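Letter by letter, the chains look like this.
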Amino acid sequence: QVHLVESGGGLVQSGGSLRLSCAASGSIVSITFMGWYRQAPGKQRELVAGIRGDGTVNYKDFAKGRFTISRDTAKKVLYLQMNSLKPEDTAVYYCNFDVVTIASGDENDYWGQGTQVTVSS
């Protein structure tokens, strides 16, 4: 089993910054994708940014220039540095890993519990 634990959310004023972290535990053989998603009240969950196993990074348009996704592969930790935050960035942020484990030998999808980010105007 794989567990993802997020941290770093909180309340920040518009224009401020936050850094989210997501640490994975479990018998992981390989990670094919690591990503951050968010879900605002009444809206669908959406991708914020992701890193593929080969290091390819992609951002949704609203994140470009303000958010930076990074990883520590050895420690199995994913980060999201968020700068110039806006009230519309308010949401629960979730990390997502696609991994192959020793137990399954197959690729499976895991989610963190979510961390609340609130940006006040």
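See the structure above.
Visitor: Describe the pairing of strand S1 (residues 3-7), and please don't skip the residues or the numbers.
Guide: With burial as the criterion, only one face of S1 is covered, namely that bearing Leu 4 and Glu 6; the residues His 3, Val 5 and Ser 7 on the opposite face remain uncovered. Across 5 bridges, S1 lies against strand S3 (residues 18-25) in antiparallel orientation. Looking across to S3, one finds that Leu 4 is bridged to Ala 24.

Visitor: How would you summarise the nonpolar core if you had to cite specific residues and measurements?
Guide: Counting residues in hydrophobic clusters, the biggest one holds 30 residues, and the most contacted among them are Trp 36, Leu 78, Leu 80, Met 82, Tyr 93 and Phe 97. Sorting the residues of this core by element identifies S3, strand S4 (28-39), strand S5 (46-52), strand S7 (67-72), strand S8 (77-82), strand S9 (91-101) and strand S11 (115-120) as the ones contributing at least two each. Here this core takes 5 residues from S9, the largest share from any one element. Leu 80 has contacts with Leu 18, Arg 19, Leu 20, Trp 36, Val 48, Phe 67, Thr 68, Ile 69 and Tyr 93, leaving out every residue within four places of it along the chain.

Visitor: Which residues make up the environment of Val 5, and what values go with them?
Guide: Tracing the sequence through the fold places Val 5 in strand S1. Expressed as a C-alpha distance, the spacing of Val 5 and Ile 102, which sit 97 residues apart in the sequence, is 20 Å. In this structure, Val 5 is in contact with Ser 21, Cys 22, Ala 23 and Gln 113, ignoring residues within four places of it in sequence.

Visitor: Got a sec to walk through the pairing of S9? Specific residues and values, please.
Guide: For a regular strand, side chains alternate in direction, first toward one face of the sheet and then toward the other. Among the 11 residues of S9, 10 are classified as buried, and the element is accordingly described as predominantly covered. In terms of strand pairing, S4 meets S9 through 10 bridges, oriented antiparallel. Across the sheet, residue Phe 33 finds its bridge partner in S9, namely Asp 98. Both S9 and S11 contribute to a ladder of 3 bridges, which runs antiparallel.

Conventions used here
- Residues numbered from 1 in each chain as written.
- Predicted model: local features only at pLDDT ≥ 70, side-chain atom pairs only at ≥ 80, totals over all residues.
- Heavy atoms only, no water.
- Buried < 20%, exposed > 50% of the residue type's maximum accessible area, 1.4 Å probe, protein only.
- Helix = DSSP H or I, 4+ residues; strand = E, 2+ residues; numbered from the N terminus.
- Pairing = 2+ DSSP bridges.
- Core = buried A, V, L, I, M, F, W, Y, C linked by side-chain atoms within 4.5 Å.
- Contact = heavy atoms within 4.5 Å.

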